[in-house]
Amino acid sequence: MAAALGTTITPAAAAPVAPRGNNRLPRHRVAASRSRAAPARRLALHASASPTATADAPDEAVAEPSVEPAPETKLSKLACPICYYPLVGASDQSGDVSSLECSSCKKIYPNKQDYWDLTVAVGSTEYSESMPAATELFRTPLVSFLYERGWRQNFIWGGFPGLEREFETAKTYLKPTIGGTIVDASCGSGLFSRLFVKSGLYSLVVALDFSENMLKQCNEYLRQESISDEGLALVRADISRLPFMNGSIDAVHAGAAIHCWPSPACAVAEISRVLRPGGVFVASTFVADVIPPAIPLLRIARPYISQITGNNTFLSEVEFEDLCKACGMVDFKFVRNGFYIMFSATKSS
């Protein structure tokens with residue numbers, strides 16, 4: 001397709017990367033003082049304390065409250081996708097965290113057992129909106145089931161070198177972020193998420209996708225392969241509204257995904273927002289500039305194709321570089337093979 005944790009931060013500030021550790025959630029609602037932590041099952045995630053800035057002026061400096069930060073948790077950088085304030089966990093009678101609540105707008109985000117649902121519209125009963133055809137396609141149970149059973153393997157005809165070589169190239173680009181938190185955006189059925197976990201290169205891997213069925217399929221593969229959830233979190237979210245605080249993530253990876261995003265510009269802007277200074281964005285996708293004479297025609301036709309399909313299919317390596325630069329990222333690098341491109345860009349310091 002399609003972080004160990006820092007202390008409490010304001011929505012406009014970057015959080016430091018914390019050391020590795022076996023972080024657990026408290027049984028009761030997180031307070032701003034110390035509390036004992038209890039074991040929690042997969043996806044027991046929440047943020048560590050209440051916000052330290054007002055929503056009306058997120059960019060203004062405010063005084064730190066005279067309270068001690070709560071214990072670090074598995075994903076203390078997790079934030080409300082509406083207002084980007086920290087989330088607070090609520091436990092049920094068994095001690096498991098049953099929901100997350102925004103410390104600012106008080107919106108509730110449920111635990112779906114297989115994943116946390118951190119989409120903006122979760123919980124709405126009357127509202128619905130149409131999504132691009134490609135987005136809806138990957139939400140179907142059939143495509144989610146087939147994705148690793150032949151669908152993704154067909155990308156080799158477009159120049160994709162295969163999973164192992166793609167992963168090795170990605171690791172080369174991601175070296176400056178080893179030991180931190182990586183978000184595998186539009187993770188699909190978790191092809192790369194599982195590789196990142198098994199590699200042990202990151203203290204936390206966040207497998208993130210908009211498709212409920214892809215995340216369920218990812219969870220199934222994790223059980224089949226007996227992969228520990230020690231450093232793994234599954235999150236449903238919109239790529240254009242990521243549930244993380246500003247500057248709180250070390251790396252974002254998006255494998256074969258950008259061509260399915262409704263708005264690459266909005267998505268890359270969000271990725272830049274959540275990356276810390278020096279953080280790295282690595283992505284692979286298709287490009288359509290292999291035959292030079294076709295470029296003018298593609299540029300002319302692209303708006304009309306996008307209106308029909310809802311996808312920005314025809315981007316070139318020059319456009320990707322320009323987009324990353326426009327969103328505050330530098331040091332653009334890439335490798336090409338036919339229609340395949342993998343590129344990296346670094347959040348400017």
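Residues numbered from 1 in each chain as written. Predicted model: local features only at pLDDT ≥ 70, side-chain atom pairs only at ≥ 80, totals over all residues. Heavy atoms only, no water.

1. Some words on the overall build of the protein
- Counting its secondary structure elements, the protein contains eight helices and 11 strands.
- The buried share among the 349 residues of the protein stands at 54%.
- When the accessible surface of the protein is totalled, it reaches about 15300 Å², and 56% of it is carbon and sulfur. (Helix = DSSP H or I, 4+ residues; strand = E, 2+ residues; numbered from the N terminus. Buried < 20%, exposed > 50% of the residue type's maximum accessible area, 1.4 Å probe, protein only. Areas by Shrake-Rupley, 256 points an atom, 1.4 Å probe, with all protein chains shown as cover.)

2. A look at the sheet that holds strand E6 (residues 204-209)
- Read from one edge of the open sheet, eight strands run E4-E7-E6-E5-E8-E9-E11-E10, paired in mixed fashion. The sheet is open, and its two edges are formed by strand E4 (116-117) and strand E10 (329-337), each paired on a single side.
- Sitting on the sheet, helix H5 (residues 212-224) touches E6 and strand E7 (232-236), and the angle it makes with E7 is about 160°.
- The sheet contacts of helix H8 (residues 317-326) involve strand E9 (275-286), E10 and strand E11 (340-347), and relative to E10 the element is tilted by about 160°. (Pairing = 2+ DSSP bridges. Contact = heavy atoms within 4.5 Å. Axes fitted to C-alpha atoms, helices over the stretch in contact; angles between N-to-C directions.)

3. Some words on the pairing of strand E8 (residues 249-254)
- Of all six residues in E8, six are buried; the element is thus mostly enclosed.
- In the sheet, strand E5 (residues 181-185) pairs with E8 via three bridges, with the strands oriented parallel. The residue of E8 that forms the bridge with Ile182 is Ala251.
- Pairing between E8 and E9: five bridges, direction parallel. Bridge pairing links His253 to Val282 in E9.
- Handedness of the crossover joining E8 and E9 through helix H6 (residues 264-274): right-handed. (Right-handed = clockwise from strand over helix to strand, strands pointing away.)

4. Considering the side chain of Asp114
- Positionally, Asp114 belongs in the loop between strand E3 (108-110) and E4.
- One buried charged residue, Asp114, forms no salt bridge at all, with the nearest opposite charge on Arg223 at 4.1 Å.
- At 2.6 Å, the side chain of Asp114 and the side chain of Asn219 are in polar contact. (Lys, Arg positive; Asp, Glu negative; His and termini not counted. Salt bridge = Lys/Arg side-chain N within 4 Å of Asp/Glu carboxyl O. Polar contact = N/O pair within 3.5 Å; in protein donor to acceptor, adjacent residues only side chain to side chain.)

5. A closer look at the confidence of the model for the protein
- Per-residue confidence for the protein gives a mean pLDDT of 78; residues scoring 70 or more make up 70%.
- The element-level mean pLDDT for the protein is lowest in helix H7 (residues 295-309), coming to 52, with E8 highest at 98.
- Predicted confidence is poor over residues 1-72, with pLDDT under 50, and the contacts of this stretch with residues over four places away or in other chains come to 202 contacts.
- Counting interchain partners and residues more than four positions distant, the pLDDT-below-50 stretch residues 291-295 has one contact. (pLDDT = per-residue confidence, 0-100.)

6. As for the state of the cysteines
- In this structure the tally under the stated criterion is zero disulfides.
- Lacking any disulfide linkage, Cys187 is separated from the closest cysteine sulfur, that of Cys218, by 5.1 Å.
- Here Cys327 is not cross-linked by a disulfide; its sulfur's nearest cysteine counterpart is in Cys324, at 7.2 Å.
- For Cys327, a relative accessible area of 17% translates into the label buried. (Disulfide = S-S within 2.5 Å.)

7. Focus: the nonpolar core
- If you look at the biggest cluster of nonpolar residues, it comprises 46 residues, and the most contacted ones within it are Phe244, Val252, Trp261, Phe281 and Phe343.
- No other element matches H6, which puts four residues into this core.
- The contacts of Phe343, once residues within four sequence positions are left out, are Tyr173, Ile258, Phe281, Val282, Ala283, Phe320, Cys324, Phe332, Lys333 and Phe334.
- In this structure, Tyr147, Phe155, Ala207 and Val282 belong to the second largest nonpolar core, which totals 34 residues. (Core = buried A, V, L, I, M, F, W, Y, C linked by side-chain atoms within 4.5 Å.)

8. Here's the deal with the packing of helix H3 (residues 163-174) against helix H4 (residues 191-199)
- Contact geometry of H3 with H4 gives a least axis separation of 11 Å together with a crossing angle of 60°. Taken together, H3 and H4 sit at an angle that is classed as oblique. By crossing handedness, the relation of H3 to H4 is classed as right-handed. Of the residues in H4, those in contact with Leu163, Glu166, Phe167 and Leu174 of H3 are Leu191, Phe192, Leu195, Phe196 and Ser199. (Parallel < 35°, antiparallel > 145°, perpendicular 65-115°, else oblique. Left-handed = near helix turned anticlockwise from the far one by under 90°.)

9. Looking at the environment of Phe332
- Mapping Phe332 onto the fold places it in strand E10.
- Not counting chain neighbours up to four residues away, the residues in contact with Phe332 comprise Glu317, Phe320, Glu321, Cys324, Phe343 and Ser344.

10. So, the pairing of E6
- Counted residue by residue, E6 has six buried out of six residues, so it is predominantly covered.
- With burial as the criterion, each face of E6 is covered, one bearing Leu204, Val206 and Leu208 and the other bearing Val205, Ala207 and Asp209.
- Bridge count between E5 and E6: five bridges; the pairing is parallel. Note on E6: the bridge partner recorded for Thr181 is Leu204.
- Running through H4, the crossover from E5 to the neighbouring parallel element E6 is right-handed.

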